[in-house]
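# Inside the fold
Listed below, chain by chain, are the residues.
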Amino acid sequence: MATAQTVKVSSPIGFFERYLTIWVALCIVVGIALGQWLPGVFRGIASLEVAKVNVPVGVLIWVMIIPMLLKIDFAALGQVKAHWRGIGVTLFINWAVKPFSMALLGWIFIRHVFAPLLPPTQLDSYIAGLILLAAAPCTAMVFVWSQLCKGDPYFTLSQVALNDAIMVVAFAPVVALLLGLSSITVPWDTLLTSVGLYIVVPVIIAQLLRKHLLKKGTAHFQAVAARLAPWSISALLLTLVLLFAFQGEAIIRQPLVIALLAVPILIQVFLNSGLAYLLNRKLGVAHCVAGPSALIGASNFFELAVATAISLFGFQSGAALATVVGVLIEVPVMLLVVAVVNRSQGWYERGAKPRAINPLARSGVKLDHH
C-alpha cells in the first residue's frame, strides 16, 4: 500500500512574473536609450565571443535557465501512465502541431500579408525567430499557469519532465527541418552548440544541484529555489536590455514591427490551447488535467528561444526581436487562457465522457496545490 506524501511543484505567481509585460516594456525603452547614448559600450559587449557564443549573454542565459530547470524532477516520468491521454494530447500539440503551425503562420503573415510593412532583408529572420519560439515547450512558468487553473500537479510535473527530455534530442532536428522548409540556411554547428549549451549542460547542472539540495531536505530545496527565482527573471530582463540596445535603431525606424510580429504569436497561442482543450474534452480527460494540458500546449520556453536566436543569428537579427515579442505578450495572453479554462469548467465537464478515477487518488497520495 502506498504511503501518503505531499508533493509541491508549483508556487504562486511572483511579483516579477505577474508584471513581466511591464518589465519587458521598460527593458525596451531602457535598452533603446542606452544603445543610442553608449553605442561603443554595446559594440564592445557584442565582440566578447568565444566560438560564436557571446560570453556575457551565455552567462546570463545560464543564470536564467538553470533555476527553472531546477524545478524539474525527471523521476516524475513514472507518472506518465496515469495521465496518458492528457500527456498524449499535449505531446501532439507541442511537437506535431505548434512548430509547424507557427511556420505556416509566419509564412502567411510575415512573407505575404505584412511583407510590405516590414524590412525586406529581415523577413527570413523574423520567421526563424517565430519557429524557434514555437519549437521550445514551456518549462518553468507552466507550474504557475497550472496552479492558477487548479491543475493536477502530478500531471504538470510529469508532462514538463517528459517535454524537457524530448527537447534534448528533438529541438535541433525540428528547428533545422522547419528552417529548411522556410529556405533559411541552418548553421548546424551553431545550432548544435546552442542545444548543448542551453539545454543539455543546464539540465545536467540543474539535476546535479537538485540532487545535492534535496539531500538537505525538501524545505531547504524549496527555500533555495525560491531565492534563485528572482535571479532567473533578472537575467532575462538584463538580456533583453542588451538585445534592445542593438535593436534600437531598427525599432525607432519601424515601431510597427513589434505589433505585426505579435499577430502570428497570438493566433498560435489561441489555436493550440483551444485545440488541446477540445481534444482533451473529446477524450474524457479530467478538467484538472485538460487545463494545464492546454496551457503547456500553448506556452513557450521563451528563454531558450531568445538564447538560440541570439546564438544563431545575432543580437541585431529579426529572429532575436521576434522571440522577444513572445516574452512581451506571454503573461497577459496566458492569463487570458487561464481565465477561459477556469470559466468554462462547467461546459467542459458536461461534455467530457466519464473515465476511471485517478489511480493516484486511490493510492493515498496527497496533492498540495499551495
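Nothing here was measured: the structure is a model prediction, and the numbers come from that model.

With that settled, consider the packing of helix α4 (residues 55-69) against helix α13 (residues 302-313). Two elements in contact, α4 and α13, have axes separated by 10 Å at closest approach and are oriented at 160°. Between α4 and α13, the angle falls in the class roughly antiparallel. The interaxial crossing formed by α4 with α13 has left-handed handedness. Along the contact surface, α4 presents V57, I61, M64, I65 and M68, while α13 presents E303, L304, A307 and I310. Looking at the contact of α4 with α13 residue by residue, the class counts come to 8 nonpolar, no polar and 1 charged.

With that settled, the discussion passes to helix α14 (residues 318-343). The first and last C-alpha atoms of α14 sit 37 Å apart over 26 residues, in line with the 38 Å expected at 1.5 Å per residue. Largest kink in α14: about 50°, centred on E330, with the proline P332 one to four residues after it. Across the 26 residues that make up α14, a large majority, 19, are buried.

Once that is clear, we can look at a nonpolar patch on the surface. A cluster of nonpolar residues, L48, V55, V59, V63 and W231, forms a patch on the protein surface that exposes about 460 Å² of accessible area. If you trace the backbone, V63 turns up in helix α4. The class of V63 is partly exposed, set by a relative accessible area of 31%.

Moving on to the packing of helix α5 (residues 84-113) against helix α6 (residues 123-134). Packing of α5 against α6 leaves a shortest axis separation of 9 Å and a crossing angle of 155°. One finds that α5 runs roughly antiparallel with respect to α6. The chirality of how α5 crosses α6 is right-handed. Contacts between α5 and α6 involve K98, P99, M102, A103, G106, W107, I110 and R111 from the former and L123, D124, Y126, I127, L130, I131 and A134 from the latter. Here the residues of the contact of α5 with α6 sort into 11 nonpolar, 1 polar and 3 charged.

Turning our attention to unusual backbone geometry. The phi torsion at K150 lies on the positive side, around 55°, for a residue other than glycine. Tracing the backbone shows K150 in the loop between α7 (141-148) and α8 (153-181). Residue class for K150 comes out exposed when judged on its relative accessible area of 59%.

Looking now at the packing of aromatic side chains. The geometry of an aromatic ring pair is captured by two quantities: the separation of the ring centres and the angle between the planes. Within the structure shown, the criterion is met by 3 aromatic pairs. Residues F109 and F114 carry aromatic rings whose centres are separated by 5.5 Å and whose planes lie at 40° to one another, so their mutual orientation is tilted. Of the two residues, F109 and F114, neither departs from the other in class, the shared state being buried. Among the aromatic residues, ring-to-ring pairing joins Y277, W347 and Y348 into one connected group. Looking at R281, its charged tip hangs above the ring of W347, at a distance of 3.7 Å from the centre.

Time to look at the state of the cysteines. Simply put, the disulfide is a covalent bond whose two ends are the sulfur atoms of two cysteines. In total, this model carries 0 disulfides according to the counting rule given. C149 provides the cysteine sulfur closest to C288, a residue in no disulfide bond, and the two sulfurs are 9.1 Å apart. For C288, a relative accessible area of 30% puts it in the partly exposed group.

This part takes up the nonpolar core. Of all hydrophobic cores here, the largest spans 125 residues; its most connected members are L20 and F171. Ranked by the residues each element gives to this core, the list is headed by α14, at 15 residues. Apart from the residues lying within four places of it in its own chain, the contact partners of L20 are I233, L236, L237, F302, V327 and V331. Ranked by size, the runner-up nonpolar core spans 5 residues in total, among them L70, L213, F221 and V224.

Turning our eyes to something else, we now look at the pattern of salt bridges. Here the structure, examined in full by the defined rule, presents 1 salt bridge. One salt bridge connects D124 with R111, and the closest N-O pair in it is separated by 2.5 Å. Linking D124 in helix α6 with R111 in helix α5, this pair joins segments that are 13 residues apart in sequence. A residue is classified by how much of its surface remains accessible, and D124, at 31% relative accessible area, is partly exposed. Given the relative accessible area of 26%, R111 is considered partly exposed.

Conventions and cut-offs
Residues numbered from 1 in each chain as written. Predicted model: local features only at pLDDT ≥ 70, side-chain atom pairs only at ≥ 80, totals over all residues. Heavy atoms only, no water. Axes fitted to C-alpha atoms, helices over the stretch in contact; angles between N-to-C directions. Helix = DSSP H or I, 4+ residues; strand = E, 2+ residues; numbered from the N terminus. Parallel < 35°, antiparallel > 145°, perpendicular 65-115°, else oblique. Left-handed = near helix turned anticlockwise from the far one by under 90°. Contact = heavy atoms within 4.5 Å. Nonpolar A, V, L, I, M, F, W, Y, C, P; charged D, E, K, R; others polar. Expected span 1.5 Å × (residues − 1). Bend = angle between axes of the 7 residues up to and from the residue. Buried < 20%, exposed > 50% of the residue type's maximum accessible area, 1.4 Å probe, protein only. Patch = residues over 30% accessible without salt bridge, like charges linked within 9 Å, V, L, I, M, F, W, Y side chains within 5 Å. Areas by Shrake-Rupley, 256 points an atom, 1.4 Å probe, with all protein chains shown as cover. Salt bridge = Lys/Arg side-chain N within 4 Å of Asp/Glu carboxyl O. Phe/Tyr/Trp six-rings, centres within 6.5 Å; stacked < 30°, edge-to-face > 60°. Lys NZ or Arg CZ within 6 Å of the ring centre and 35° of its normal. Disulfide = S-S within 2.5 Å. Core = buried A, V, L, I, M, F, W, Y, C linked by side-chain atoms within 4.5 Å.

Honestly, it's all geometry; don't read function into it.
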